[in-house]
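Letter by letter, the chains look like this.
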Amino acid sequence: MQGEDDALFEKGLPIRREVLGAEYVDGSLAKADDFMMAFQRITTSWAWGMAWGDPTLDRKTRSIINLAMLTALGKIPEVKLHVKGALNNGVSVDEIRATLSHAAAYCGIPAALDAFKATHEVLLAEGAIQPKK
């Protein structure tokens, strides 16, 4: 199992860097002590090596799915992180808005409101949208 996990880690690490940004990923790895490195290996191997490394869905589709699932779960810090990833993967602001609007219908207004606010903050910070004058 260790060899398989090592292979998935090596497969997932470049994908994770491309989607979330090398600075973020390398910073997370650098800050991880022995205890937290177990989680870094798990997330890189399973989420990025196994799930994101499966070629069946393209990265843009995966980003849209992630935004919807994270909205449903109310995981706002992860929504913020994955908005940046969605932009990196070619998801447009209109597609992000449509994804969150769709999530509102299925996940509820409170969950979508939190996601919209967090997303708005990231889109402004990334220069993807301009502040209202």
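Above this text sits the structure in question.
Described below are features of the structure shown in this document. (Residues numbered from 1 in each chain as written. Predicted model: local features only at pLDDT ≥ 70, side-chain atom pairs only at ≥ 80, totals over all residues. Heavy atoms only, no water.)

In this description, an aromatic ring pair is defined by two values, namely the gap between the centres and the angle between the planes. Throughout the structure, instances matching the rule amount to one aromatic pair. Where Trp 48 meets Trp 52, the ring centres are 4.7 Å apart and the plane angle is 25°; that geometry is what we call stacked. Here Trp 48 falls in the buried class, since its relative accessible area comes to 4%. On the basis of relative accessible area, Trp 52 is assigned to the buried category, the value being 8%. Its end group placed over the ring of Phe 9, Arg 41 keeps NZ or CZ at 4.4 Å from the ring centre. (Phe/Tyr/Trp six-rings, centres within 6.5 Å; stacked < 30°, edge-to-face > 60°. Buried < 20%, exposed > 50% of the residue type's maximum accessible area, 1.4 Å probe, protein only. Lys NZ or Arg CZ within 6 Å of the ring centre and 35° of its normal.)

Another aspect to go through is helix 3 (residues 34-51). An α-helical turn contains 3.6 residues, so any two residues separated by three or four positions project in the same direction. Taking 1.5 Å of rise per residue, 18 residues should cover 26 Å, and helix 3 covers 24 Å from first to last C-alpha, within 8% of that figure. Considered for burial, the residues of helix 3 that qualify are Gln 40, Thr 43, Thr 44, Ser 45, Trp 48 and Gly 49. Where helix 3 begins, the capping side chain belongs to Asp 33, and its oxygen is found 3.1 Å from the backbone nitrogen of Phe 35. (Helix = DSSP H or I, 4+ residues; strand = E, 2+ residues; numbered from the N terminus. Expected span 1.5 Å × (residues − 1). Polar contact = N/O pair within 3.5 Å; in protein donor to acceptor, adjacent residues only side chain to side chain.)

This part is about the layout of surface pockets. Of the voids in this model, the largest pocket is the one considered here, and its volume is about 360 Å³. Every residue lining the largest pocket is counted, 20 residues in all, and those nearest its centre are Arg 16, Phe 39, Thr 43, Trp 48 and Glu 78. Where the lining of the largest pocket is concerned, the elements lending two or more residues are helix 1 (2-20), helix 2 (22-31), helix 3, helix 4 (59-73) and helix 5 (76-88). For the lining of the largest pocket, the per-class residue count stands at twelve nonpolar, five polar and three charged. (1 Å grid on protein atoms, 1.4 Å probe; cavity = no way out; pocket = protein on both sides within 12 Å on 5 of 7 lines; lining within 4 Å. Points joined across faces, edges and corners; volume = space filled by probe spheres on them. Nonpolar A, V, L, I, M, F, W, Y, C, P; charged D, E, K, R; others polar.)

With that settled, the discussion passes to the pattern of salt bridges. Any two side chains of opposite charge can pair, so long as their charged atoms come close to each other. The full count for this structure, using the stated rule, is seven salt bridges. Across the pair Lys 80 and Glu 121 runs a salt bridge, and its minimum N-O distance is 3.0 Å. Placement of the pair is Lys 80 in helix 5 and Glu 121 in helix 7 (residues 109-125), with a sequence separation of 41 residues. Classification of Lys 80 by relative accessible area gives partly exposed; the value is 27%. On the accessibility criterion, Glu 121 (46% relative accessible area) is partly exposed. (Salt bridge = Lys/Arg side-chain N within 4 Å of Asp/Glu carboxyl O.)

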